[in-house]
Amino acid sequence: MKSILESTLRDGCWAGHRAFVVGSGPSMKGFDFSLLQGEFSVGCNDEYLWGPTLALAQDPRITMGDGIPNRVPLFKDPRWLHGPHVPIYFQGHPDQPYPKPPDSDQVYIIGSAHSKEAPFRWGHSLAEGLYYGANVGMAALNLAEILGADPIYLLGLDARWEDSSTHHHGRYPKEWTLDKEVDRKAVYGRWIKEFRKIAQMVRASVINLNPESGIDAFPKAEINVLETAAYGRIVI
């Protein structure tokens, strides 16, 4: 299985193609995910359920199931391990003892580009690793660029403390959802600043497809959806 994963993910293997990085923000509520079929995509954390090309999980609470009653952790979930996507476990900060999946031959494991000499740096290869930041979307964006995608479109990366919810789904416990406006402003404010920082490092063209997103580091555009009886696709 490992050889299949390694042949699927190679530096530059998406060159010449656009890609979508998809988060779980409330702007994705009601979105027709079938429109992303046939596109290169990276689904963040629980966005594996609609079948992206790659399913990138960073949060150990999700991968190991800590603090989510009656939920199967991703490390034991056959839908994540054997879905149509490639499951990717981002180990995040190298100074924290994140465990490996028990069936690591089923999962592509990638580390952080962070080092003591160059903390929180932008990765330039799969071997070097991904950017470790406050939001998994940053690592997903780094991954899409390493694979050679250009342009890269962002979906569901909202960071709006005015929204009535923090996710388009209800699969996380209440204490994860930043119900207090003061908490949202602190967390989202950090995301916004950090996305501005990495915007100086990204080489690919990045467009945020939520014009109302609080992430203001990249140009924004509307999604125009062209649907026919035979197919639907996203037209930018």
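Every chain is numbered independently, its residues counted from 1 as its sequence is written. Residues qualify for local features only when their pLDDT is at least 70, as the model is predicted, and side-chain atom pairs are given and counted only at 80 or more; totals for whole chains, interfaces and linings, by contrast, use all residues. Each side-chain value is derived from all of the structure's non-hydrogen atoms; neither hydrogens nor water enter the calculation.

So, the pattern of salt bridges
Part 1 of the reasoning: Throughout this description, the term salt bridge denotes a Lys or Arg side-chain nitrogen within 4 Å of a carboxyl oxygen of Asp or Glu. Counting across every chain of the model gives 7 salt bridges.
Part 2 of the reasoning: For Glu145, the salt bridge goes to Arg203, with nearest N and O atoms at 3.2 Å. Here Arg203 lies in the loop between helix 5 (181–199) and strand 7 (206–208) and Glu145 lies in helix 4 (residues 136–146), a separation of 58 residues in the sequence.
Part 3 of the reasoning: Only protein chains enter the calculation, and the probe is 1.4 Å; a residue is then buried if its accessible area is under 20% of its type maximum, exposed if over 50%, and partly exposed in between. For Glu145, a relative accessible area of 6% puts it in the buried group.
Part 4 of the reasoning: Close ionic contact of Asp216 with Arg196 constitutes a salt bridge, the shortest N to O distance being 2.8 Å. Here the residue Asp216 occupies a position in the loop between strand 7 and strand 8 (224–227), and Arg196 occupies one in helix 5, the gap between them amounting to 20 residues. The helix and strand labels rest on DSSP assignments: H or I over at least four residues marks a helix, E over at least two residues marks a strand, and numbering proceeds from the N terminus.

Here we look at helix 4
Part 1 of the reasoning: The element helix 4 is extensively covered by neighbouring structure, given that 11 of its 11 residues are classed as buried.
Part 2 of the reasoning: Three or more residues of helix 4 are buried, namely Val136, Gly137, Met138, Ala139, Ala140, Leu141, Asn142, Leu143, Ala144, Glu145 and Ile146.

Remarks on the pairing of strand 1 (residues 19–22)
Part 1 of the reasoning: Side chains Ala19 and Val21 project from strand 1 onto one buried face, and the interleaved Phe20 and Val22 project onto a second face that is buried too.
Part 2 of the reasoning: Should DSSP find at least two bridges between two strands, the strands are regarded as paired. The pairing of strand 1 with strand 2 (residues 40–44) spans 4 bridges and is parallel. The partner of Phe20 across the bridge, within strand 2, is Ser41.
Part 3 of the reasoning: Here 4 bridges tie strand 1 to strand 6 (residues 152–155), and the two strands are oriented parallel to one another. Bridging from a neighbouring strand, Phe20 pairs with Tyr153 of strand 6.

Observations regarding the side chain of Asn45
Part 1 of the reasoning: By the secondary structure assignment, Asn45 is in the loop between strand 2 and strand 3 (54–57).
Part 2 of the reasoning: Excluding anything up to four places from it in sequence, Asn45 contacts Leu56, Ala57, Gln58, Asp59, Ile62, Val136 and Tyr172. Whether two residues are in contact is decided by their heavy atoms, any of which lying within 4.5 Å being enough.

As for the packing of aromatic side chains
Part 1 of the reasoning: Think of it this way: a Phe, Tyr or Trp ring, Trp meaning its six-membered ring, pairs with another when their centres are within 6.5 Å, and the plane angle makes it stacked under 30 degrees, edge-to-face over 60, tilted otherwise. With the rule as written, the count across this model stands at 10 aromatic pairs.
Part 2 of the reasoning: Ring centres of Phe33 and Trp50 lie 4.9 Å apart, and the angle between their planes is 20°; this geometry places the pair in the stacked category. On the criterion of sequence distance, the pair formed by Phe33 in the loop between strand 1 and strand 2 and Trp50 in the loop between strand 2 and strand 3 is long-range, its members being 17 residues apart.
Part 3 of the reasoning: The buried category is assigned to Phe33, whose relative accessible area is 16%.
Part 4 of the reasoning: Exposure remark for Trp50: the relative accessible area of 19% places this residue in the buried category.
Part 5 of the reasoning: With a centroid separation of 5.8 Å and 45° between ring planes, the pair formed by Trp122 and Tyr131 is classed as tilted.
Part 6 of the reasoning: Three or more aromatic residues joined by ring pairs form one cluster here, namely Phe31, Phe33 and Trp50.

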